[in-house]
Every structure is written in structure tokens, then in C-alpha cells.
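# Working through the structure, step by step
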Amino acid sequence: MTTLAVRAEQLTVSYRHGRGVVGLELDVPGGEVFGFLGPNGAGKTTTIRTMLDLLRPTSGRIEVLGLDSHADTIEVRARTGYLPGDLALPERLTGQEVLDWSASLRPGRPPRRRDELVERFGAELHRPVRQLSRGNRQKLGLVMAFQHDPELVVLDEPTSGLDPLVQDEFQRMLRDQVAQGRSTFLSSHSLDEVQRVADRVGIVREGRLVTVETVEALRERGLRRVTATVADGQGERAVALLGAVAAVTELGRDGDVVSFAVGGAFAPVLAALSGVEVVDLLSRSADLDEVFLALYRGDVPTGERR
């Protein structure tokens, strides 16, 4: 049986003025990119910090690579890489010195991937950190997280400040990680980024897990956007036919071009449109950001957690 990359069992972390995470139950299999989504204050960073023993649970427990995050913290940190969302680097050190310092924290895990990663991201090694832009600091953070070839990489807002070309290279690297059987736990505000790279997505709201599903399954539960162009003079009839379909919402018409959303099975839509002459039909699956917002509004029922 494949070891889980992360397992949380009734994990609760309470703060003085409230709870960061409440009864979190989560299984993340090894060998995948897992996206962890939610707005500020939802509990994402609290979960990550508890995984790495930077916070202690109020109750419950969390395992990383089959190890207890607290009792086995030294081994957990040796086998994982971490890029925090609030990355802070020693200002007076050069990029090279920062990477050497980071590697020294894991004496049994040589930075065998450093040269490859420095070239891949174009990291600046010879200037002091205080002279580097935010994007160049983030590149150093990525090299630090991956240079010792960890089994699991935990990333909190990893592409913040990176230009689009470096973001594309980063996304390719995550897929390479999966191909090698490595795991990634990715917390991000960028829904576009997550839907490009994640195998599954967990959505957290007010410290509670809303759902865990594949990106495609989430899209299927969202609204499909459709534009139908019908023959001259048939637009009004198309609207009347589609208006009788329970799954159709947001129905509108511009002449003989009819636009609408479908929140269920598509077969009744096709049956309704058989009553008119369809010239063109365009259908677009829901983007993850639409599903995400709908889940937060409560418009989309949560599915079974997997």
C-alpha cells in the first residue's frame, strides 16, 4: 500500500480569539500534486505549519510521509521541502550562501539538484539578498525547497512575484515531480495555477474542509456555459424550449444567439434544441474559480470526500 503523503485526523488548532482549523480529516496519497484552496484566514497556512511542527495541534494529529509531525519532526523535515508564503531570507548573505546555509540544515541530504534548479529558474547567486527583487528571492526559495530532492514539497503561494515564463517552468517541474513518484502539497490563491497542475483539490472554509475532489469532478459540478446560434428567426423559440429545462439558468438572447448556463445533465438541453435548427453550438466547462466561488456561496452541494 502506498504511504500517504499527508494524513490529518480530527486536527484542530485553536487560537486565543478563535480556531484556525476545526476537526480536519484529510488523506493525500503519495505521487500527486494536491491543491489546497481557500481565502486568507481559511486555515491553509495553519495546516501547513502544523504539518511541519511549526504549530502544535490543540487536538487531533497529523502525519507526513507516515511519520508523526511532532514526534518525528527531524525526519519529517529531512524528507520534505518547504517554501513559506512569508519567505524571509538573511539580507546580507548572497544567494549562494543562502543555499549553502539551507543545505547545512539537512546534513544527511546533499543538495544534489541545486545546479539543475539554479539553471532552470535563473536564480541569482552572487548578489546579496538585500539587492534582489521579490521574484529573484522567490527563485532562491524554490531552489531551497527542492535542492535536496525531497519526497514531499510543501509550497505556500509558490509563484508569488515570479514572471510568467518562470511560472511555466515551475509548473513543468511539478509534473516532473509526479512522474518521479514525488508529492507536492500546494497552497495557493491562484485558481488558474492550481487547475493547471493539481491532480486533486481540497477546499477549506473557516477552518473546515468543504470538499476534496479532482479538478475535473469539481468542474463537472459547476455551471457549463453554452452559446447556441440558431437559424434566422428561431431565437425566440429556442429560448422558450430551453426555458422549460430545469437545469438551464441565466438564459439570454441576442437575436438568434442564445446563451445560458447548464447545472446538470446535458441531454435535456440537446433534446430541447432539437426543436430548432442549430447552426453552431459552443460549450465551455466551468473554470475552477467559478466552482470555488459557488462553493463559498453555498450554491454547489459538497461531494463525498475522497
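This write-up is about the structure you can find in this document. Once a new chain begins, its residue numbering starts again from 1 and follows that chain's sequence as written. pLDDT decides what is reported in this predicted model: residues at 70 or higher carry local features, side-chain atom pairs at 80 or more are listed and counted, and totals for whole chains, interfaces and linings draw on all residues regardless. Think of the side-chain values as coming from all heavy atoms in the structure, minus any hydrogens and water.

Moving on, we come to the packing of helix H4 (residues 114-121) against helix H5 (residues 134-146). Close contact between H4 and H5 brings their axes to 10 Å; oriented N to C, the two are set at 155°. For the element pair H4 / H5, the angle class is roughly antiparallel. The handedness of the crossing between H4 and H5 is right-handed. From H4, Arg 114, Leu 117, Val 118 and Phe 121 reach across to H5, where they touch Lys 139, Leu 142, Val 143 and Phe 146. For every element, the axis is a line fit to its C-alpha atoms; helices are fit only across the contacting stretch, and the angle between N-to-C directions ranges from 0 to 180 degrees. By definition, any uninterrupted DSSP run of H or I lasting at least four residues is a helix, any uninterrupted run of E lasting at least two residues is a strand, and each is numbered from the N terminus. The cut-offs work like this: below 35 degrees is roughly parallel, past 145 is roughly antiparallel, 65 to 115 is roughly perpendicular, and the gaps in between are oblique. Left-handed describes a crossing in which the near helix is turned anticlockwise from the far one by less than a right angle; the clockwise case is right-handed. The contact criterion used is simple: two residues touch if any of their non-hydrogen atoms lie within 4.5 Å.

Phi is positive for Glu 157, which is not a glycine, with a value near 55°. Structurally, the position occupied by Glu 157 is in the loop between strand E7 (152-156) and helix H6 (164-179). Positive phi, close to 55°, is recorded for Glu 250, a residue that is not glycine. Tracing the chain through its elements places Glu 250 in strand E12 (residues 248-254).

Attention now goes to the sheet that holds strand E2 (residues 18-29). Two modes of strand pairing occur in sheets, parallel and antiparallel, and in both the strands are linked by backbone hydrogen bonds. Any two strands with at least two DSSP bridges between them are considered paired. Within the open sheet, the four strands sit side by side as E2-E1-E4-E5. Their pairing is antiparallel. Looking at the sheet topology across the chains shown, the edges are occupied by E2 and strand E5 (67-68). Where strand E4 (residues 59-64) meets E5, two bridges bridge the pair, whose relative direction is antiparallel. By the bridge assignment for E5, Val 64 is matched with Leu 67. Strands in contact with helix H1 (residues 44-51) are strand E1 (4-15), E2 and E4; relative to E1, the strand with the most contacts, it is inclined by about 115°.

For this analysis, a ring pair means two rings from Phe, Tyr or Trp (six-membered ring only for Trp) whose centres lie within 6.5 Å, classed as stacked if their planes differ by under 30 degrees, edge-to-face if by over 60, and tilted for the remaining angles. Tallying each qualifying case throughout the model produces three aromatic pairs. Ring centres of Phe 36 and Phe 185 lie 5.2 Å apart, and the angle between their planes is 50°; on these two criteria the pair is classed as tilted. Of this pair, Phe 36 sits in strand E3 (residues 33-37) while Phe 185 sits in strand E8 (residues 183-187), and the two are 149 residues apart along the sequence. In this structure, Phe 36 and Phe 185 share a single accessibility class: buried. Counting every residue linked through ring pairs, the aromatic cluster contains Phe 34, Phe 36 and Phe 185. Accessible area is worked out with a 1.4 Å probe on protein chains only. A residue is then buried under 20% of its type maximum, exposed over 50%, and partly exposed in between.

Okay, the pattern of salt bridges next. One speaks of a salt bridge when a side-chain nitrogen belonging to Lys or Arg is within 4 Å of a carboxyl oxygen belonging to Asp or Glu. Following the criterion strictly, the structure yields 21 salt bridges and no others. Across the pair Asp 86 and Arg 49 runs a salt bridge, and its minimum N-O distance is 3.3 Å. Of this pair, Asp 86 sits in the loop between strand E6 (80-83) and helix H3 (95-104) while Arg 49 sits in helix H1, and the two are 37 residues apart along the sequence. Taking the relative accessible area as the measure of exposure, Asp 86 reaches 52% and is therefore exposed. Looking at Arg 49, the relative accessible area reads 30%, which means it is partly exposed. Between Arg 120 and Asp 176 there is a salt bridge, with its nearest N and O atoms 2.7 Å apart. Taken as a pair, Arg 120 in helix H4 and Asp 176 in helix H6 lie far apart in primary sequence, 56 residues in all.

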